[in-house]
Amino acid sequence: MNFYQILRSAHSGWRYLVLILLVLAIVQALTGWLGKKPYTEGNRKLNVFTLIFTHVQILFGLILYFMSPLVEAGIRYWKMEHISMMIFAAILITVGNARSKRIVEPAGKHRTIALYFGLGLIMIVAAIIAMIKADPARTFWGVS
């Protein structure tokens, strides 16, 4: 197994951690916002871990982008769509986390996290669905 294959497997497997953390952070933010709960240190830590895991995933992806034979072959999805959609999702998550820090009231913090992290999750799922359409040999949950 070479470095490219190891990194590709890491990138493929790490997505589950990112998706799980995103869903947990969104659910926690929605229950906090709609249930008018306080914004706790646990909320903040979950949001930061979600942000960190997303950034690690993007780092794996960027390294792969410059090593990938699919990009070198000029396959449009890998060269343009996947990377731009995933970077945009990471930007949404980063902006949401940063904006929530500036808000004082707990409901506003929860609402900001729910909105931005939710949009980031939608973008990630849309990119994965587009990947399946671009390469029918891949599945949504399958490790590639």
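Residues numbered from 1 in each chain as written. Predicted model: local features only at pLDDT ≥ 70, side-chain atom pairs only at ≥ 80, totals over all residues. Heavy atoms only, no water.

A. Looking closely at the packing of helix 2 (residues 41-67) against helix 4 (residues 76-102). Running from N to C, helix 2 and helix 4 point in directions that differ by 160°, and their axes come no closer than 10 Å. It follows from the interaxial angle that helix 2 and helix 4 lie roughly antiparallel. As for how helix 2 packs across helix 4, the hand of that crossing is left-handed. Across the interface between the two elements, Asn47, Val48, Leu51, Thr54, His55, Ile58, Leu62 and Tyr65 from helix 2 touch Trp78, Lys79, Ile83, Met86, Ile87, Ala90, Ile93, Thr94 and Asn97 from helix 4. (Axes fitted to C-alpha atoms, helices over the stretch in contact; angles between N-to-C directions. Helix = DSSP H or I, 4+ residues; strand = E, 2+ residues; numbered from the N terminus. Parallel < 35°, antiparallel > 145°, perpendicular 65-115°, else oblique. Left-handed = near helix turned anticlockwise from the far one by under 90°. Contact = heavy atoms within 4.5 Å.)

B. Representation of a nonpolar patch on the surface within the structure. A cluster of nonpolar side chains, namely Leu62, Phe66, Ile87, Ile91 and Val95, defines an oily patch on the protein surface of about 430 Å² accessible area. For the nonpolar patch, the secondary-structure elements that each account for two or more residues are helix 2 and helix 4. A total of three residues in the nonpolar patch trace back to one element, the largest contributor, which is helix 4. Structurally, the position occupied by Val95 is in helix 4. Looking at Val95, the relative accessible area reads 33%, which means it is partly exposed. (Patch = residues over 30% accessible without salt bridge, like charges linked within 9 Å, V, L, I, M, F, W, Y side chains within 5 Å. Areas by Shrake-Rupley, 256 points an atom, 1.4 Å probe, with all protein chains shown as cover. Salt bridge = Lys/Arg side-chain N within 4 Å of Asp/Glu carboxyl O. Buried < 20%, exposed > 50% of the residue type's maximum accessible area, 1.4 Å probe, protein only.)

C. Looking closely at the UniProt feature "transmembrane region" (unreviewed entry) in the protein. Here, UniProt's "transmembrane region" (unreviewed entry) annotation points to residues 14-34, 46-67, 82-100 and 112-132. Taken as a whole, residues 14-34 contains 100% helix and 0% strand, while its terminal C-alpha atoms sit 30 Å from one another. (UniProt positions renumbered as here; feature names shortened; annotations may be inferred.)

D. Geometry of the environment of Leu7. Tracing the chain through its elements places Leu7 in helix 1 (residues 3-34). On the basis of relative accessibility, which here comes to 6%, the residue Leu7 falls in the buried class. Sequence separation between Leu7 and Thr54 is 47 residues; the distance between their C-alpha atoms is 15 Å. When near neighbours in sequence (up to four residues on either side) are disregarded, Leu7 contacts Phe60, Ile63, Leu64 and Met67.

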